[in-house]
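Coordinates in review
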Amino acid sequence: MDNRALKRFGKYTIGGLSTFFFDIALLFWLTDIVGINYVLAAALAFLLAVALNYAFSRNYVFHGTLRSVHAGYLGFNLIAGSGFLAVVILLPIFVEVWGWNYLLARTVIAGVVGLWNYFLNLYVNFRVAGKY
C-alpha cells in the first residue's frame, strides 16, 4: 500500500470513527433516554451518521473525485444502503438470538460495514484508488 493510500485510509478511519461515535451516542440516547425501539433507533442514527460521513468523505477522503456532488451522494447512499440493511437485519439477530447488548452488536456491525463501504466508495463510487 503506497503512502497516498495509507493517508486516505487514515482519513477515512478518523471520519468513520467520528461519525460512528455520533451514531452510537444517538442510538443510546434514542433507545435508553427517549425509549424508541433499538432497531428503529439504530436505523435513524445510521441515516444521520451517513449524511455526516458523506460530507467528510467527499471533502477530505475522496477529494480528488471527478464525480459531481449529486452523483457522489447518490452512489454513497446506495453503498450505505447495504450497511443499512446489515444494521436492521443483523442487529436483532445479534441481540434477540445471540443475547448480545445492542451497543456491542452495533459496534461489531459498524466495523464490518465500515470496511465494506470504504472499498466500494474507493473503487466504485469515487473511483480514486491509485490517484491523489
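The structure this text deals with has already been given above.
Now for a quick tour of the structure.

1. Focus: the packing of helix H2 (residues 38–61) against helix H3 (residues 69–97)
Close contact between H2 and H3 brings their axes to 9 Å; oriented N to C, the two are set at 150°. Between H2 and H3, the interaxial angle falls into the category roughly antiparallel. With respect to the hand of their crossing, H2 and H3 are arranged in right-handed fashion. Partitioned by chemical class, the residues of the contact of H2 with H3 number 19 nonpolar, five polar and two charged.

2. Here we look at the layout of surface pockets
Taking a probe equal in size to a water molecule and rolling it over the atoms shows the remaining empty space. When its volume is computed, the largest pocket comes out at roughly 490 Å³. Every element with two or more residues in the lining of the largest pocket is listed here: helix H1 (3–34), H2, H3 and helix H4 (102–125). Counting residues per element, the lining of the largest pocket draws most heavily on H4, which supplies nine residues. Residue composition of the lining of the largest pocket, grouped by class: 13 nonpolar, nine polar and two charged.

3. Concerning the nonpolar core
Judged by nonpolar contacts, the single largest core of 32 residues is most densely connected at Leu27, Tyr38, Phe62, Leu91, Val95, Ile109 and Phe126. Considering each element in turn, this core owes the most residues, nine residues, to H2. With near-sequence residues (within four places) excluded, Val95 lies in contact with Tyr38, Trp100, Asn101, Tyr102 and Ala105.

4. Let's talk about the packing of aromatic side chains
One pair of aromatic rings is described through two measures. These are the centre distance and the angle between the planes. Evaluation of the coordinates by the stated rule reveals 12 aromatic pairs. Taking 5.2 Å as the distance between ring centres and 65° as the angle between the ring planes, the aromatic pair formed by Tyr54 and Phe76 counts as edge-to-face. Within this pair, whereas Tyr54 is found in helix H2, its partner Phe76 is found in helix H3, the two being separated by 22 residues in sequence. In this pair, the class of Tyr54 matches that of Phe76, namely buried. Centroid distance Phe94 to Trp100: 4.8 Å. Interplanar angle 65°. Geometry classified as edge-to-face. For Phe94, a relative accessible area of 10% corresponds to the buried category. Among the aromatic residues, those joined into a cluster by ring pairs are Phe9, Tyr12, Tyr118 and Phe119.

5. What to know about H3
What sets the pattern is the α-helix's 3.6 residues per turn: residues three or four places apart point alike. Counted at 1.5 Å a residue, the expected span for H3 with its 29 residues is 42 Å, and the 41 Å between its end C-alpha atoms agrees. In H3, a bend of some 30° at Leu90 exceeds every other bend along the element, and Pro92, a proline, comes one to four places later. On its buried face, H3 is in contact with H2 and H4. Looking at the residues trailing H3, positive phi occurs at Gly99, about 75°.

6. A look at a nonpolar patch on the surface
On the surface, Leu85, Ile89, Leu90, Ile93, Val97 and Trp98 cluster together into a nonpolar patch covering about 570 Å² of accessible area. In this structure, Leu90 sits in helix H3.

Basis of the calculations
- Residues numbered from 1 in each chain as written.
- Predicted model: local features only at pLDDT ≥ 70, side-chain atom pairs only at ≥ 80, totals over all residues.
- Heavy atoms only, no water.
- Axes fitted to C-alpha atoms, helices over the stretch in contact; angles between N-to-C directions.
- Helix = DSSP H or I, 4+ residues; strand = E, 2+ residues; numbered from the N terminus.
- Parallel < 35°, antiparallel > 145°, perpendicular 65-115°, else oblique.
- Left-handed = near helix turned anticlockwise from the far one by under 90°.
- Nonpolar A, V, L, I, M, F, W, Y, C, P; charged D, E, K, R; others polar.
- 1 Å grid on protein atoms, 1.4 Å probe; cavity = no way out; pocket = protein on both sides within 12 Å on 5 of 7 lines; lining within 4 Å.
- Points joined across faces, edges and corners; volume = space filled by probe spheres on them.
- Core = buried A, V, L, I, M, F, W, Y, C linked by side-chain atoms within 4.5 Å.
- Buried < 20%, exposed > 50% of the residue type's maximum accessible area, 1.4 Å probe, protein only.
- Contact = heavy atoms within 4.5 Å.
- Phe/Tyr/Trp six-rings, centres within 6.5 Å; stacked < 30°, edge-to-face > 60°.
- Expected span 1.5 Å × (residues − 1).
- Bend = angle between axes of the 7 residues up to and from the residue.
- Patch = residues over 30% accessible without salt bridge, like charges linked within 9 Å, V, L, I, M, F, W, Y side chains within 5 Å.
- Areas by Shrake-Rupley, 256 points an atom, 1.4 Å probe, with all protein chains shown as cover.
- Salt bridge = Lys/Arg side-chain N within 4 Å of Asp/Glu carboxyl O.

These values are about where atoms sit, not about what they do.
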